[in-house]
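# Close look at the chain arrangement
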Amino acid sequence: VEPLYLNDIKKLLGHEDILSIVLPDGEKFKNDESLNYIYDQLLSNKYGRNSLLIALGGGVIGDITGYAAATYMRGIDFIQIPTTLLSQVDSSVGGKTGINHSLGKNMIGAFYQPKCVLINIDVLKTLPDREMSAGLAEVIKYGLIRDAAFFDWLEIEMESLLKKNPEQLMYAIHMSCQNKASVVAEDEFESSKGIRATLNLGHTFGHAIENAVGYGNWLHGEAVACGMVMAAYMSMKLEWLSQSDFNRIKKLVGVAHLPLSPPDMTQERFLDLMSADKKSINGQINLILQKGIGKALMTNEYPHEFLLETINQKSF
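Heads up: these notes are all about the structure in this document. (Residues numbered from 1 in each chain as written. Predicted model: local features only at pLDDT ≥ 70, side-chain atom pairs only at ≥ 80, totals over all residues. Heavy atoms only, no water.)

### Details of the overall build of the chain
The criterion, for reference: Only runs of H or I of at least four residues qualify as helices and only runs of E of at least two qualify as strands under DSSP, and these elements are numbered from the N terminus. This radius of gyration counts C-alpha atoms alone. The globule rule is 2.2 Å times how many residues there are, raised to the power 0.38. A 1.4 Å probe rolled over the protein chains alone gives each residue an accessible area, and that area as a share of the maximum for its type sets the label: buried under 20%, exposed over 50%, partly exposed in between. Only heavy atoms matter for contacts: two residues are in contact if any of them lie within 4.5 Å across the pair. Residue exposure ignores everything except the shown protein chains as possible cover, and the areas themselves are Shrake-Rupley values with a 1.4 Å probe.
What the chain contains, in helices and strands, is 12 helices and seven strands. Taken over C-alpha atoms, the radius of gyration comes to 19 Å for the chain, in line with the 20 Å a tight globule of 316 residues would show. Principal axes of the C-alpha set define a box for the chain whose edges measure 60 × 45 × 35 Å. Counting the 316 residues in the chain, one finds 55% classified as buried. Of all intrachain contacts in the chain linking residues separated by at least 6 positions in sequence, the fraction that spans at least 24 positions is 72%. Carbon and sulfur atoms form 51% of the exposed surface of the chain, whose accessible area is close to 14,600 Å².

### Quick look at the nonpolar core
Stated precisely, the cut-off is as follows: Among buried residues, the Ala, Val, Leu, Ile, Met, Phe, Trp, Tyr and Cys ones that are joined through side-chain atoms within 4.5 Å form a nonpolar core.
Within the largest apolar cluster, 79 residues are counted, with the highest numbers of intra-cluster contacts made by Phe205 and Leu307. In terms of residue count, the dominant contributor to this core is helix H9 (residues 220-237) (12 residues). The contacts of Phe205, once residues within four sequence positions are left out, are Gly227, Met230, Ala231, Met234, Phe270, Met274, Leu287, Leu307, Thr310 and Ile311. Among the nonpolar cores identified, the runner-up in size contains 18 residues, and Ile61, Tyr67, Tyr72 and Ile99 belong to it.

### Overview of the side chain of Lys30
Within the fold, Lys30 resides in the loop between helix H1 (2-13) and helix H2 (32-44). The exposure class of Lys30 is buried, given its relative accessible area of 3%. Every residue in contact with Lys30, bar those within four places of it in the chain, is listed here: Val60, Asp63, Ile64, Gly98, Ile99, Asn100, Lys105 and Asn106.

### Remarks on the sheet that holds strand S1 (residues 52-57)
Just so we agree on the cut-off: Two strands are counted as paired when DSSP detects at least two bridges linking them. Fitted lines through C-alpha atoms give the axes, limited to the stretch in contact for helices. The angle between two N-to-C directions lies from 0 to 180 degrees.
Spatial strand order, S1-S2-S5: three strands in an open sheet with parallel pairing. Taken across any chain shown, the strands that pair with only one partner, and hence form the sheet edges, are S1 and strand S5 (116-117). Across the sheet, helix H3 (residues 59-71) touches S1 and strand S2 (77-82), and the angle it forms with S1 is around 170°.

### A look at unusual backbone geometry
Its identity as a non-glycine residue notwithstanding, Lys46 has a phi of 60°, on the positive side. Inspection of the secondary structure puts Lys46 in the loop between H2 and S1. What makes Lys46 exposed here is its relative accessible area of 75%. Phi at Glu190 is positive, roughly 50°, even though this residue is not glycine.

### Regarding the pattern of salt bridges
Rule in force here: Within this document, salt bridges are pairs made up of a side-chain nitrogen of Lys or Arg and a carboxyl oxygen of Asp or Glu, the two lying within 4 Å of each other.
Scanning the entire structure with this criterion turns up 16 salt bridges. Notably, a salt bridge pairs Lys30 with Asp63, separated by 2.7 Å at the nearest N-O pair. Within this pair, whereas Lys30 is found in the loop between H1 and H2, its partner Asp63 is found in helix H3, the two being separated by 33 residues in sequence. Like Lys30, the residue Asp63 is buried in the burial classification. For Glu210, the salt bridge identified is with Lys105, shortest N-O distance 3.5 Å. Remark: Lys105 occurs in strand S4 (residues 104-111) and Glu210 occurs in helix H8 (residues 203-213); sequence separation between them is 105 residues. Glu210 gets classed as buried once you look at its relative accessible area, which sits at 0%. Among the residues examined, Lys105 registers a relative accessible area of 5% and is labelled buried.

### Remarks on helix H5 (residues 129-146)
What counts here: Here, expected helix span is obtained from the residue count minus one, scaled by 1.5 Å.
Between its terminal C-alpha atoms H5 stretches 27 Å, which fits the 26 Å expected from 18 residues at 1.5 Å a residue. Counting buried positions along H5 yields 14 of 18 residues, so the element is predominantly enclosed.

### Considering the environment of Ile54
Note that Ile54 resides in strand S1. In this structure, the C-alpha to C-alpha distance between Ile54 and Gln80, residues 26 residues apart in sequence, is 6.0 Å. Every residue in contact with Ile54, bar those within four places of it in the chain, is listed here: Leu13, Thr65, Ile79 and Ile81.

### Quick look at the packing of aromatic side chains
Quick note on the threshold: Geometry of aromatic contacts follows a simple scheme: Phe, Tyr and Trp rings, the Trp one being its six-membered ring, pair when their centres are within 6.5 Å, and the pair is stacked under 30 degrees between planes, edge-to-face over 60, tilted otherwise. Whether a charge sits over a ring comes down to the Lys NZ or Arg CZ being within 6 Å of the ring centre and within 35 degrees of the ring normal.
Applying the stated criterion across every chain yields a total of seven aromatic pairs. With 5.9 Å between their ring centres and 15° between their planes, Phe150 and Trp153 make a pair best called stacked. Remark: Trp153 and Phe150 occur in helix H6 (residues 148-162); sequence separation between them is three residues, near one turn of the helix. Each member of the pair, Phe150 together with Trp153, is buried. Here a set of aromatic residues connected by ring pairs shows up, and it is made of Phe150, Trp153 and Tyr171. Positioned over the ring face of Phe306 is Lys237, at 5.3 Å from the centre of the ring.

Put into structure tokens, the structure is as follows:
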């Protein structure tokens, strides 16, 4: 991102006192070492409480920068300028910030809202196709959890989105942000009611996949997409989702060039990683499941054998 956009941003800011902190690329660098590097740079350059951090990059940069802002001198302002589709439609909106731990993803962090989020779809012109597909996983998610009409639209327009057609992209990003903002407004700090937790559809399965294969080997959106298919399969087993709707979900995920099958891992490993999820309470794995397309809920009321059958599936 630095060689593509940093100089343009500096010129637009028109300010001399700008410190550039460049972090390496990838989910595996979303850790305490990167966070401390930011603190080191700010402290050694004597930046005070009136400073502003700008996150220029994808979800990893946004999450780390937000957490640094939340904790540096007990809180300074920050702005998000997301440069990937996934960060534009999901991670930059809602105020979740943090870093990964070796025992779990996003286990250390804070709820901390940016002063604003600036989205420019022109930056997606340089986004690799694989990253584009990963972002579409989160776009699909909004149709699944609360907006059936948007899901219908995605079934028609997915090819246009993959081609990065501006009109369709603008609409998809707008609808995704609108849906997420509505959920966050109801439940900013993810209460026990589980309203905001529905935004984590597919994430309990997905985070386990990311951890098992090593952060960065599967992109976050790829793992979430597979997790959404797994959640849909389990919802179908519970007779909450019809076979035809399950097939629609699976087809759309496939059209978006996203994985439909989990990596090879043992049942024990899958369960162990899922139980570390933040939604788990007293060892009970809470899952976001579907009551049809456009409606989701958080629950731990499911037969354990359905979960075992789902994680043991080699393909869907």
